[in-house]
Each structure stands twice: as structure tokens, then as C-alpha cells.
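Here's the letter readout for the chains.
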Amino acid sequence: MKLFNTTEKEEFERNINSLKVIVEQIPIEIEREVAAIQAKFANGGYLPNSPETSPLI
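The numbers attached to residues start from 1 for each chain and follow its sequence in the written order. Where local features are concerned, this predicted model is filtered to residues with pLDDT of at least 70; where side-chain atom pairs are given and counted, the filter is 80 or more; whole-chain, interface and lining totals use all residues. Heavy atoms from the whole structure form the basis of all side-chain values; hydrogens and water molecules are not counted.

Caption draft 1: Structural detail: the overall build of the chain. Counting from the N terminus, the helices are DSSP H or I runs at least four residues long and the strands are E runs at least two residues long. Of the regular secondary structure elements, the chain holds one helix and zero strands. Exposed residues in this analysis have more than 50% of their type's maximum accessible area, buried residues have under 20%, and partly exposed residues fall in between, with area computed by a 1.4 Å probe over protein chains only. Residue burial in the chain is summarised as follows: out of 57 residues, 2% are buried. Here, Shrake-Rupley sampling with a 1.4 Å probe gives the accessible areas, and only protein chains in the shown set may cover a residue. Carbon and sulfur atoms make up 62% of the accessible area of the chain, which amounts to about 5,700 Å² in all.

Structural data, given as C-alpha cells:
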């Protein structure tokens, strides 16, 4: 008795391969986000009362 047919096995393999690609890109994405945050707050770029940080009233 087989648990999965051929189509299901192929779909499973495609899903696994897609997830592997995503996992490999996580460190790159983390570096990109860290760089963006550092650039935003570098050289006094953070202003406590700027529209980006002020609460909406």
C-alpha cells in the first residue's frame, strides 16, 4: 500500500524545494533589513516628533 501517489510526491518535492529557496534567502533578507534600519537612524536621522514616529491624534 502506498501512502502517496506520483502526483502527490511531485507536489511534495516542489513544495520542499520552494521552502528551501525561501530559507536560503532569509539571511540575505535579514542583512538587507538591518542595513535599512541602520541607514534610517544613522547620523541623527531619528527625530522623536517626526511624522513617522508621532502617534496619530
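Caption draft 2: Geometry of a nonpolar patch on the surface. What makes a patch is a set of residues exposed beyond 30% relative accessible area and free of salt bridges, joined within 9 Å when like-charged and within 5 Å when nonpolar (Val, Leu, Ile, Met, Phe, Trp, Tyr). Note on definitions: salt bridges are taken to be side-chain nitrogens of Lys or Arg within 4 Å of carboxyl oxygens of Asp or Glu. A cluster of nonpolar side chains, contributed by Leu19, Ile22, Val23, Ile26, Ile30 and Val34, occupies part of the molecular surface with about 540 Å² of accessible area. In this fold, Ile22 is placed in helix α1 (residues 6-41).

Caption draft 3: A look at the pattern of salt bridges. Taken as a whole and judged by the stated rule, the model has one salt bridge. For Glu29, the salt bridge goes to Arg32, with nearest N and O atoms at 2.6 Å. Of this pair, Glu29 and Arg32 both sit in helix α1, separated by three residues, roughly a single helical turn. On the accessibility criterion, Arg32 (49% relative accessible area) is partly exposed.

Caption draft 4: Representation of α1 within the structure. The span expected for a helix works out to 1.5 Å for each residue beyond the first. Compared with the 52 Å implied by 1.5 Å per residue over 36 residues, the 53 Å span of α1 between its first and last C-alpha is a close match. We define the bend at each residue as the angle formed by axes fitted to the 7 residues ending at it and the 7 residues starting at it. In α1, a bend of some 35° at Ile26 exceeds every other bend along the element, and Pro27, a proline, comes one to four places later. A 3.5 Å cut-off defines polar contacts: any pair of N or O atoms within that distance qualifies, except that in protein one atom must be a possible hydrogen donor and the other a possible acceptor, and neighbouring residues in sequence count only when both atoms are side-chain atoms. Regarding α1, its N-cap is Asn5, as a side-chain oxygen of that residue lies 3.0 Å from the backbone nitrogen of Thr7 further along. Positive phi shows up at Asn43, right after α1, with a value of about 55°.

Just geometry here; none of it tells us what the structure is for.
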